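Overview (structure and organization)
These are the residues of each chain, in order.
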Amino acid sequence: MSKIKKKILMLVAVILLVAAFGAGCAEKQAPSETPSEKPTPSEQPPQPEVIKIGVLLDLSGDLGAIGQKMKLGAELAQKEFDSLGGIGGKKIELVVEDAATDPAKAVEAMKKLVEVEGVKVVVGPMTSSETLAVAKYVNDRNVVIISPSATAGKITELGDDYVFRTVGSDDLQAAALLDLMKSRGYSKIATFVIANDYGIGFEDYFKKYVPEMVALSIRYDPQKGDYRTELQQVKDAGVDAIIFVGYVDSGKVVFRQAADLGLDEIDWLSSEGIAENVMFEDAKTADFMAKVEMIGTKPSSTGFTYEKFAEKHRQAFGSDPDLFSDYTYDATMLAILAAGTAPSYDGPQIREALKKVSEWYNGATGYKLFDENGDPAFYTYNVWKVVKTDTGFKYEIIGHWAPATGLELIP
Amino acid sequence: MAFPIAYLLDMLVFTGIFGIMALSLNLEFGHTGLPNFGKVAFFMIGAYTSALITLAGYPFILGITGAMAVSAFFGAIVSLPAIRLREDYLAILTLAFGEILRLILKNEEWIAGGVLGLKGIPEALTTTSFKSALYGHLIVVYIFVVTFYIFLRFLEKSPYGRLLKAIREDELAAQSLGKNTVWYKAQALAIGSAIAGSSGGLYAQYLSYIGPDLFMPVITFAVWAMVIIGGVGNHKGVLVGALIYQIFERGSRIFKDYLQIPIDPNNMMFMIFGLLLIIVLMFRPEGLIKEEKIKLL
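Residues numbered from 1 in each chain as written. Chains lettered and ligands numbered in written order. Predicted model: local features only at pLDDT ≥ 70, side-chain atom pairs only at ≥ 80, totals over all residues. Heavy atoms only, no water.

Let us look at the sheet that holds strand β6 (residues 189-194) of chain A. Residue and element names in this part refer to chain A. An order of β7-β6-β8-β9-β10-β13-β14-β15 is seen for the 8 strands of this open sheet, with the pairing classed as mixed. Looking along the sheet, the strands with just one partner apiece sit at the ends: β7 (214-220) and β15 (406-409). The average angle at which neighbouring strand axes cross in this sheet is 25°, direction not considered. Where strand β10 (residues 295-299) lies against strand β13 (residues 381-388), 5 bridges are found, and the strand directions are antiparallel. Residue pairing in the sheet places I295 in a bridge with K385 of β13. (Pairing = 2+ DSSP bridges. Helix = DSSP H or I, 4+ residues; strand = E, 2+ residues; numbered from the N terminus. Axes fitted to C-alpha atoms, helices over the stretch in contact; angles between N-to-C directions.)

A few words now on the confidence of the model for chain B. The predicted structure's coordinates, where accompanied by low pLDDT, should not be read in detail. For chain B, the average pLDDT comes to 88, and 99% of its residues sit at 70 or higher. Taken element by element, the predicted model of chain B shows its lowest mean pLDDT in helix α5 (residues 109-112) of chain B (81) and its highest in helix α2 (residues 39-55) of chain B (94). (pLDDT = per-residue confidence, 0-100.)

So, on to the nonpolar core. Residues and elements named next belong to chain A. The biggest cluster of nonpolar side chains holds 215 residues, and the ones touching the most others in it are F206 and W268. When residues of this core are assigned to domains, at least three fall in each of domain 1 (50-167 + 324-367) and domain 2 (171-298 + 381-409). The contact partners of W268, leaving out residues within four places of it in the chain, are L231, I242, F244, V254, F255, A258, L263, F288, V292, M294 and I295. (Core = buried A, V, L, I, M, F, W, Y, C linked by side-chain atoms within 4.5 Å. Buried < 20%, exposed > 50% of the residue type's maximum accessible area, 1.4 Å probe, protein only. Domains from an automatic or database assignment. Contact = heavy atoms within 4.5 Å.)

Residue and element names in this part refer to chain A. Between G124 and P125 the backbone carries a cis peptide bond, its omega angle lying at -10°. Examined against the element boundaries, P125 turns out to sit in the loop between β3 (121-123) and α4 (128-140). A positive phi angle, near 55°, is found at N142, a position not held by glycine. If you trace the backbone, N142 turns up in the loop between α4 and β4 (144-147). The class for N142 is partly exposed, based on a relative accessible area of 29%.

With respect to the helices and strands, V278 of chain A occurs in the loop between β9 (267-270) and α9 (283-291). In this view, V278 of chain A contacts V248 and K252 of chain A; residues no more than four positions away in its chain are not counted.

At the interface, 45 residues of chain B touch 56 residues of chain A. In total, about 4500 Å² of surface goes out of reach between chain B and chain A, with carbon and sulfur atoms giving 63% of it. Applying the counting rule to chain B against chain A returns 6 salt bridges. Two residues, R253 of chain B and E108 of chain A, come together in a salt bridge whose shortest N-O distance is 3.1 Å. Within the residue set of the side of chain B that touches chain A, elements represented by two or more residues are α1 (4-31), α4 (87-107), α9 (181-207), α11 (235-255) and α12 (265-283) of chain B. A total of 9 residues in the side of chain B that touches chain A trace back to one element, the largest contributor, which is α11 of chain B. The residue makeup of the side of chain B that touches chain A, split by class, is 25 nonpolar, 6 polar and 14 charged. (Buried area = accessible area lost by both parts, 1.4 Å probe. Salt bridge = Lys/Arg side-chain N within 4 Å of Asp/Glu carboxyl O. Nonpolar A, V, L, I, M, F, W, Y, C, P; charged D, E, K, R; others polar.)

Another aspect to go through is the environment of G89 of chain A. Mapped onto the fold, G89 of chain A is located in the loop between α2 (64-83) and β2 (91-98). Residues G89 of chain A and E49 of chain A lie 40 residues apart in sequence; the distance between their C-alpha atoms is 8.4 Å.

On to the pattern of salt bridges, then. On inspection of all chains with the given rule, the structure shows 35 salt bridges over all chains. Where K136 of chain A meets E123 of chain B, a salt bridge forms, and the shortest distance between an N and an O atom there is 2.6 Å. Residue K136 of chain A is found in helix α4, and its partner E123 of chain B is found in the loop between β1 (118-119) and α6 (130-157); the two belong to separate chains. With a relative accessible area of 25%, K136 of chain A lands in the partly exposed category. Note that R351 of chain A is salt-bridged to E352 of chain A, the shortest N-O span being 3.7 Å. A residue is classified by how much of its surface remains accessible, and R351 of chain A, at 15% relative accessible area, is buried. Put simply, K52, E97, E108, K111, K112 and E117 of chain A together with D10, R250 and R253 of chain B are held in one network by salt bridges that share partners.

This is how it looks when you write it as structure tokens:
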């Protein structure tokens, strides 16, 4: 008797859960459902009163800390429009979802944004594998996505579709780094890259274009926490320079251990992954970076538009913008402008509007005209150098690189 | 247009795919007593095999068959070193196997695209609209779920199933009756892995993209949670477990829009699910649906 009772109770509990979930779906849907019920193929769906912009970032997981900061960039863009009374009289609503640094979660969250919230334009996802994972789905569903930070070269190959990004391909930055290397006349280099799409993208580029220069290529696991063996290999290889591509956390460990091993005789080059001030919080890391006069590239964040953005960011949140929050801001601005100027809130029309908007939009990270692959057509990298100042350390901009002009160092 | 039911259908597709994984673990652990902590490895083998086969232009059915065959082969091979030893060794071995395999696929571009994985994997059915594709996926996945469910029920009731349970209960006793238990355990792992491989194949064609980041060890533990909550040893139970897991995962995403909570909803889902796991283990260690008694008459 009691067994049956228990079974029934369990069954009821499960049904309740399902019902609650279903109710959740239905209730949430109610407001946005109304405009979407009417249209027939010939009829165009009317513009809703509120323009929904999806924001899909990694708010937890490995990249959670960066994602939380990037979200501020999106919020800043929304605030700006709302202070002007929205766009075309319509308020902007950001619908934020967490992809948890997991491509499977990114797909699931994207489906929620599109199917449950009825979003047609999404800022995100953050990583390249997440972007590749959602690409087919958004193309099937005619939903525009603008990634602020997916840099893999492979995304370019996705072609003329619904996938856009405000950030340049890693291949472009690798080309910038390569020019920088050539300007210094290295004959033998070692690559030391993080074992993910970001690091391996750089390694592949150098191996493809200057195979004779790459004497040693090492991929490191960011979770390992000890790189003495690998660094010793670099030391033994007798190279002119080491190209380090990685992130802040593992970068600190690598530089500390390199300092211990006396690897300051050779040149160090790096990319935007470590070009953040948090690197200087650790005195030993900072000293090492200044001692080897580390140089590197990063997506351009200079110019008056960036300064204006940084000022607004400081006013709104009391902090300096962090890595990629400027790209998130631009992606959100473009999304809002495209959705606001499109004749209706509809994927294909937003895509066309986005292309038009991108022709004149000049944002925190410069002009954002998209090429036929949805990549930014104009792109500038800054060349930085770590210097010690009276007050501490900083990344000094010593030059620029753009596909059209090549490397220009400030004399 | 927004199509909210699609989110629900998508959840059912995932329930089906992971339900198949849970069924296979139930055969291995629930019935034979083999703690396979490398479920994700066979899921991954299935996904990659089927993706490579279908990307080469062969039909889906060949992809799934290949996925099952290759997974079964690895299931049998991997178990060989450890199957004679106590179960703990098998658990550690399979756990390590999953990670090693993932790292190999991540670092060796020539196998299957390295870190960025494979994209543009053909779907099982060619359809014209998103809606019909979704229903198509639902049908395809549930054909597999039902087939495996019937197969495993049949296996459970057969003398072979009883033999597997005998090994679980007392391996020595089974041996004393003249059964080559090592051989049967390897078979159970091979069958289980084949089934897990097919779910990998379904996953690959559903997402149409796979990469090494999709096959983290957490998937193994999710499948274990489904089996434990649903009911170890009961095939119906583990399918319910798979559904509950998906409801929690999606539900946390929906509920966060209504309830303001101070913690990240993704983390909260893990907390609540962990709590559920503990409660189930404390008050109902056999799971929501108990294992059925063997009826001999």
